[in-house]
Amino acid sequence: MTLAELSQDLVWAAATALTVALVAFAIDLARLAGRADLERADARADDARERTADRAEVLAAAGASSASPYGPGTTGAVEADPADAASPSRKAANIGVSLTWLGTALLLVAIVTRGIAAGRTPWANMYEFTLVGTFVALAAFLAVSLKRDVRFLGSFVTGLSVLFLVLAQNAFFVVATGVQPALQSYWLVIHVGVAIIATGIFTVAFVTSVLQLLRDSRDSGNAFLGARGWRWLDSTPGALQLEALSFRLNAVAFVLWTFTIIGGAIWAEHAWGRYWGWDPKEVWSFVVWIVYAAYLHARTTRGWSGRRAAYFVIVGYACVLFNFTGVNLLFNGKHSYSGLNPGD
């Protein structure tokens, strides 16, 4: 088995581990939804006991007998076991986190072996960009989870990661070879590497904004999201907290994307003798920058928040995806390095 073949097998192994993690996170959300149902039932039972106690007091004041067949000082209600009120086990979520660490580690080894097999930095085409971008998204999720409980994002981050890895293996795969002369530069490490990191963080921020919209719609009384199958949303932070997390992630990614454009311009001047040439990739990278700059400006200075801010994030991430896929596959230009076409 060659290193290139080993890399492919490791990608499938990572996808498998992340799929199991996805299932574990989903089980955790289902259990949390069940806990929410029990809490509602307990609240209704408490209200009923309070009403019964109030009625007993009224009858006692009126001279009525308050004797109970269940014994003195009781109302006939079964006392709840304190153990039942304890926090539910989050074993499924913890298993999901552990498997996410495993899948991320396997993916890192797959990327390293791919780079060794190709004899270069392993992010020179769409296949490799997808692998590394997925790794960064997973790493960002795990890094945030070290400081705060974001296990509620697990199902969505691992789900997108599995989708991206399967897509990479089946649609974007190319043989590990060298690169074109224009890409043989240290700027490949800097420019493309930073772009990948920014894309991975944008991905986690996108997931957070989608959850923000769902939670906000549920809290606003949306009939569809108020159904029993969406009870797991009650276990997520409120819409304001989700929006704040998304904003922080997008702010970090925006700074990195700004450096990506600046670094790309410097590299373009070294490679082609001009800083800007209105190449399709350059144009769409700038479009992405404009959308996220408008989002940050609108939220910080114009008071745009809530659903409008979340929609801005979704539009921005759609531009990121088009810049990665559509521009590479639909347009010909100096940045057409997908590796899927004979001319790449």
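Residues numbered from 1 in each chain as written. Predicted model: local features only at pLDDT ≥ 70, side-chain atom pairs only at ≥ 80, totals over all residues. Heavy atoms only, no water.

**Q** So what's going on with the overall build of the protein? Which residues, and what values?
**A** Within the protein one finds nine helices and zero strands. At a minimum sequence separation of 6, the contacts of the protein that also span at least 24 residues come to 81%. For the protein, the exposed surface amounts to about 17300 Å²; the carbon and sulfur share of it is 65%. (Helix = DSSP H or I, 4+ residues; strand = E, 2+ residues; numbered from the N terminus. Contact = heavy atoms within 4.5 Å. Areas by Shrake-Rupley, 256 points an atom, 1.4 Å probe, with all protein chains shown as cover.)

**Q** Quick one: what's the story with the UniProt feature "transmembrane region" (unreviewed entry) in the protein, residue by residue and with numbers?
**A** As annotated in UniProt, the feature "transmembrane region" (unreviewed entry) corresponds to residues 12-30, 99-117, 129-146, 153-176, 188-214, 249-268, 283-298 and 310-331 in the numbering used here. With 100% helix and 0% strand, the stretch residues 188-214 has end C-alpha atoms that lie 39 Å from each other. When the span residues 283-298 is considered, its composition is 100% helix and 0% strand, and the gap between its end C-alpha atoms is 22 Å. (UniProt positions renumbered as here; feature names shortened; annotations may be inferred.)

**Q** Tell me about the environment of Trp257, and name the residues and values.
**A** Position of Trp257 relative to the elements: it lies in helix α6 (residues 239-272). C-alpha of Trp257 to C-alpha of Ser285: the two residues are 28 residues apart in sequence and 8.5 Å apart in space. With residues near it in sequence (within four places) discarded, Trp257 still touches Ala195, Ala198, Thr199, Phe202, Ser285, Val288, Trp289 and Asn323.

**Q** So what about unusual backbone geometry? Which residues, and what values?
**A** Although it is not a glycine, Trp278 sits at a positive phi angle of roughly 55°. Overall, Trp278 belongs to the exposed group, its relative accessible area being 61%. (Buried < 20%, exposed > 50% of the residue type's maximum accessible area, 1.4 Å probe, protein only.)

**Q** Lay out helix α2 (residues 91-118) with the relevant residues and their values.
**A** Over its 28 residues, α2 extends 40 Å from the first C-alpha to the last, a length consistent with the 40 Å expected when each residue adds 1.5 Å. A positive backbone phi angle near 75° is found at Gly119, which sits one or two residues after α2. (Expected span 1.5 Å × (residues − 1).)

**Q** Explain the nonpolar core residue by residue, including any values.
**A** Grouped together as the largest cluster of nonpolar side chains are 76 residues, with contacts concentrated most on Leu107, Leu131, Leu153, Leu165, Phe202 and Leu211. Counting only elements with at least two residues in this core, the list comes to α1 (3-61), α2, α3 (126-145), α4 (154-172), α5 (187-219), α6, α7 (280-301) and α8 (307-324). Ranked by residues supplied to this core, first place goes to α5 with 14 residues. Structurally, this core is a two-domain feature, drawing no fewer than three residues from each of domain 1 (1-31 + 94-174) and domain 2 (193-336). Apart from residues lying up to four places away in sequence, Leu211 is in contact with Phe152, Leu153, Phe156, Trp232, Leu233 and Leu242. (Core = buried A, V, L, I, M, F, W, Y, C linked by side-chain atoms within 4.5 Å. Domains from an automatic or database assignment.)

**Q** Explain the pattern of salt bridges to me, and be specific about the residues and the numbers.
**A** As enumerated under the stated definition, the model contains nine salt bridges in all. As a salt-bridge pair, Glu128 and Arg114 come within 2.8 Å of each other at their nearest N and O atoms. With Glu128 in helix α3 and Arg114 in helix α2, the pair connects residues that are 14 residues apart, well separated along the chain. The residues Glu128 and Arg114 share a single accessibility class, namely buried. (Salt bridge = Lys/Arg side-chain N within 4 Å of Asp/Glu carboxyl O.)

**Q** So, α8: which residues are in play, and what are the values?
**A** Taking 1.5 Å per residue as the helical rise, α8 with its 18 residues ought to reach 26 Å, and the 26 Å between its terminal C-alpha atoms agrees with that figure. Within α8 the residues assigned to the buried category are Ala309, Ala310, Val313, Gly316, Tyr317, Cys319, Val320, Asn323 and Phe324. Elements in contact with the buried residues of α8: α3, α4, α5, α6, α7 and α9 (326-330).

**Q** Describe the side chain of Ser155, with residues and values.
**A** Mapped onto the elements of the fold, Ser155 is located in helix α4. Beyond its immediate chain neighbours, meaning those up to four positions away, Ser155 contacts Leu22, Phe25, Ala26 and Leu29.

**Q** Which residues make up the packing of aromatic side chains, and what are the values?
**A** Each aromatic ring pair is specified by the distance between its two centres and by the angle formed by the two planes. If you walk through the whole model with that rule in mind, you get 16 aromatic pairs. Look at Phe206 and Tyr317: their rings are 4.5 Å apart centre to centre, the planes differ by 15°, and that puts the pair in the stacked class. Of the two residues, Phe206 is situated in helix α5 and Tyr317 in helix α8; the sequence distance between them amounts to 111 residues. Tyr317 carries the same exposure label as Phe206, and that label is buried. Between Phe286 and Trp289, the aromatic rings sit 6.0 Å apart at their centres with planes inclined by 5°, giving stacked as the arrangement. Taken as a pair, Phe286 and Trp289 lie in helix α7 at a separation of three residues, close to a single helical turn. Chaining the aromatic ring pairs together yields one cluster made of Phe254, Trp276, Trp278, Phe286 and Trp289. Over the ring of Phe247 we find Arg299; its NZ or CZ atom is 4.4 Å from the centre of that ring. Taking the ring centre of Trp304 as reference, the NZ or CZ of Arg308 above it sits at 4.3 Å. (Phe/Tyr/Trp six-rings, centres within 6.5 Å; stacked < 30°, edge-to-face > 60°. Lys NZ or Arg CZ within 6 Å of the ring centre and 35° of its normal.)

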